[in-house]
Amino acid sequence: MADQQQQPTAEKKAKIKEGSRDGRLSFRKFGEHQLRREFKELAIDKCRTEINAFGKCAEESGLMVVFNCRGFNKELNKCMQIHNSHEAFDTYMKENEELLKAKIPGRNLNANAGK
């Protein structure tokens, strides 16, 4: 009888499973993920000079990179904070709402069905 009380019912198992799947299987989240990946690539492109400067300093400094390249690291972080912030991503998402809709799987099937 103790085994039956410890075993969750099938209904409880289904609720737990469904709740954990929402974040992984949401198509909107998939579209947002792809849009965020593109956004990060754009941020890296915008900060390319800071990245290259820090990389060059790191190559020249070796193990002393932490001390010798502090200024380059601060500039790189400052640039990435501007171009890779949550606020900047929210703005990017609003500007590219149509692109987000196009990246959501299954959305294009309805658009092509009427043709």
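Residues numbered from 1 in each chain as written. Predicted model: local features only at pLDDT ≥ 70, side-chain atom pairs only at ≥ 80, totals over all residues. Heavy atoms only, no water.

Let's talk about the overall build of the protein
The criterion, for reference: By the criteria applied, helices consist of DSSP H or I runs no shorter than four residues and strands consist of E runs no shorter than two, each listed in order from the N terminus. Only protein chains enter the area calculation, which uses a 1.4 Å probe; residues under 20% of their type maximum are buried, those over 50% are exposed, and those in between are partly exposed. Residue burial considers only the protein chains on display, and all accessible areas are found by Shrake-Rupley using a 1.4 Å probe.
Counting its secondary structure elements, the protein contains 9 helices and 0 strands. Starting at the N terminus and walking to the C terminus, you meet the elements of the protein as α-α-α-α-α-α-α-α-α. In the protein, which comprises 115 residues, the proportion classed as buried is 16%. When the accessible surface of the protein is summed, it comes to about 9,400 Å², and 53% of that surface belongs to carbon and sulfur atoms.

Things to note about the side chain of S61
Definition in use: Contacts are assigned to residue pairs that have any heavy atoms within 4.5 Å of one another.
By secondary structure assignment, the location of S61 is in helix α4 (residues 48-61). With sequence-adjacent residues up to four places away left out, S61 is seen in contact with N68 and C69.

Some words on the confidence of the model for the protein
The condition that has to hold: Confidence of the prediction at every residue is given by pLDDT, a number between 0 and 100.
Residues at a pLDDT of 70 or more form 67% of the protein, whose mean pLDDT is 79. The model gives residues 109-115 a pLDDT under 50, and that stretch makes 0 contacts with residues more than four places away or in other chains.

A closer look at the state of the cysteines
The line we're drawing: A pair of cysteine sulfur atoms is labelled a disulfide when the two atoms are within 2.5 Å.
Tallied over the entire structure, the rule returns 2 disulfides. Here C47 engages in a disulfide with C79; their sulfurs sit 2.0 Å apart. Measuring the twist about the S-S bond at about -95°, one finds the C47-C79 disulfide to be left-handed. Note that C47 is positioned in the loop between α3 (27-46) and α4 and C79 in helix α6 (residues 70-83), a separation of 32 residues in sequence. With a relative accessible area of 0%, C47 lands in the buried category. Taking the relative accessible area as the measure of exposure, C79 reaches 9% and is therefore buried. A sulfur-sulfur distance of 1.9 Å marks the disulfide that ties C57 to C69. Its S-S torsion of approximately -95° makes the covalent link between C57 and C69 left-handed. Residue C57 is found in helix α4, and its partner C69 is found in the loop between α5 (65-68) and α6; the two are separated by 12 residues along the sequence. The burial state of C57 is the same as that of C69; both residues are buried.

Considerations on helix α7 (residues 86-95)
Stated precisely, the cut-off is as follows: Throughout, the arc means that of the directions going from the helix axis to the C-beta atoms.
Residues of α7 that are buried include every one of F89, Y92 and M93, and no others. Looking straight down α7, one finds its buried side chains confined to an arc of 100°; they lie on one side. What points out from α7, more than 90 degrees from its buried face, is the exposed set E87, K94 and E95.

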